Amino acid sequence: QEVYGRGQTFRVTEFSYTQDLGGGVDVKLGRLPVGGDFSSFACNHMNGAFCGAPIGNIGGDFWYNWPVSQWAARARVRHGNWYAMVGAYEVNPKNLQNDFTIGYFHGATGVLAPFETGVHVRLGDAGLPGHYRVGGWYSSDNVDDVLLGANGRPATLAGTPMLERSGRYGGFLMAEQQLTGRVKEDAVNGPQTVQGLTSFFTLTQTDRNSARIDNQVTAGLRYLGLLASRPSDSIQLAFARTHINPRAARREALETPGRPHLGSEYAVEADYGLQLTPWLNVQPNVQYIVNPGGERADHDVVVVGVKAALSL
């Protein structure tokens, strides 16, 4: 759950300088969470599959979502409703330590280079907003292969030295679109939904040499203002499929003979957001998890939760 996702330690999540260079070009540098700019996604649900940049949830050993930051710089070009950006982020495992620090100056294992391009659209007479993105990444750090041992053959025993791979990579698609309802214009934050149905879809694919989880797909719907008497309340339904890399599953089966083969975890979450005051939102929810952790032999899980948000 997001509440305890590296959040038990006080951290500097962002300390940055941004400069507009003119002509639609701007740069940002400092201590940055990579998911704050690339593959960024709102945290409107409780299950981690729907919260934050997806790659940070399935590849968090090199892509650090908030509250973790790293030394970084990114450049962005904007033209009309279209934009493109590229960045360079330090990969440093020390950033994951449970100690407060402004930043480390040693211990880096590589550089993460994400890239993304996208377009903001307005549909129909109502000008319903949408955001469509495609991007990817390359990380230069060395990582163990998930299946092959140092001799180039499948590893059969736990603790076997693994074949070292140089670099890892992947890509993503993301779409968010309001489908019905009304919008208000905000000069600072752009068009804001005030009532109606909004949808989202994400697809994240990692490389199968290095990643235990090789892809994740999520989709969902959110309706704001379903009840006329409570126009600020929302109801949400989201679905996620998280797939275990078959190469990693094969290695784990070789290490533990007789263990059921790993597959995909399926998660469904339903939420109701109660906007009790302009500054307090309370969101009870229920989750249903099939094959938790991709373990086909495990029982399905039901989780009941509540999430609260304060806007000060």
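Keep in mind that this is a model prediction, so the values were computed, not measured. (Residues numbered from 1 in each chain as written. Predicted model: local features only at pLDDT ≥ 70, side-chain atom pairs only at ≥ 80, totals over all residues. Heavy atoms only, no water.)

Participant: A description of empty space enclosed by the protein should follow, citing residues and the corresponding values.
Facilitator: Scanning the entire structure with this criterion turns up 1 cavity of 30 Å³ or more. The volume enclosed by the largest cavity comes to roughly 90 Å³. The class makeup of the residues in the lining of the largest cavity is 5 nonpolar, 3 polar and 3 charged. (1 Å grid on protein atoms, 1.4 Å probe; cavity = no way out; pocket = protein on both sides within 12 Å on 5 of 7 lines; lining within 4 Å. Points joined across faces, edges and corners; volume = space filled by probe spheres on them. Nonpolar A, V, L, I, M, F, W, Y, C, P; charged D, E, K, R; others polar.)

Participant: If you had to explain the state of the cysteines to someone new, which residues and values would you point to?
Facilitator: All told, the structure shown has 1 disulfide when counted by the stated rule. Shown here is the disulfide that connects Cys43 with Cys51, its sulfur atoms set 1.5 Å apart. The chirality of the disulfide connecting Cys43 with Cys51 is left-handed, given an S-S dihedral of about -80°. (Disulfide = S-S within 2.5 Å.)

Participant: Any details on the pattern of salt bridges? Residues and values, ideally.
Facilitator: Under the criterion given, the structure shown has 17 salt bridges. With a closest N to O distance of 3.0 Å, Arg133 and Glu176 form a salt bridge. Of the two residues, Arg133 sits in strand E6 (residues 128–149) while Glu176 sits in strand E7 (residues 162–178), which places them 43 residues apart along the sequence. Judged by its relative accessible area of 5%, Arg133 is buried. Residue classification places Glu176 among the partly exposed positions, given a relative accessible area of 25%. In this structure, the salt-bridge partner of Arg230 is Asp233, at a minimum N-O distance of 2.4 Å. Judged by its relative accessible area of 2%, Asp233 falls in the buried class. Put simply, Glu14, Asp26, Lys28, Asp37, Arg74, Arg76 and Arg78 are held in one network by salt bridges that share partners. (Salt bridge = Lys/Arg side-chain N within 4 Å of Asp/Glu carboxyl O. Helix = DSSP H or I, 4+ residues; strand = E, 2+ residues; numbered from the N terminus. Buried < 20%, exposed > 50% of the residue type's maximum accessible area, 1.4 Å probe, protein only.)

Participant: Got a sec to walk through the nonpolar core? Specific residues and values, please.
Facilitator: Core analysis: the largest hydrophobic core is formed by 31 residues, its most contacted members being Phe62, Trp63, Tyr89, Leu112 and Trp137. Of all elements in the fold, only helix H1 (54–58), strand E4 (82–91), E7 and strand E11 (234–244) reach the threshold of two or more residues within this core. Sorting elements by how many residues they give to this core places E4 first, with 4 residues. (Core = buried A, V, L, I, M, F, W, Y, C linked by side-chain atoms within 4.5 Å.)

Participant: How would you explain the packing of aromatic side chains if you had to name every residue and give the values?
Facilitator: All told, the structure shown has 6 aromatic pairs when counted by the stated rule. Ring geometry for Phe62 and Trp137: centres 6.3 Å apart, planes at 40°, overall tilted. Remark: Trp137 occurs in strand E6 and Phe62 occurs in the loop between H1 and strand E3 (70–79); sequence separation between them is 75 residues. Residues Trp71 and Phe105 carry aromatic rings whose centres are separated by 5.3 Å and whose planes lie at 35° to one another, so their mutual orientation is tilted. Here Trp71, found in strand E3, pairs with Phe105, found in the loop between E4 and strand E5 (110–123); they are 34 residues apart in sequence, far enough to count as distant. An aromatic cluster is built from Phe62, Trp63 and Trp137, whose rings are joined through pairwise contacts. The ring of Trp71 has Arg31 sitting right over it, with the charged end atom 4.9 Å from the ring centre. Over the ring of Tyr104 we find Lys94; its NZ or CZ atom is 5.8 Å from the centre of that ring. (Phe/Tyr/Trp six-rings, centres within 6.5 Å; stacked < 30°, edge-to-face > 60°. Lys NZ or Arg CZ within 6 Å of the ring centre and 35° of its normal.)

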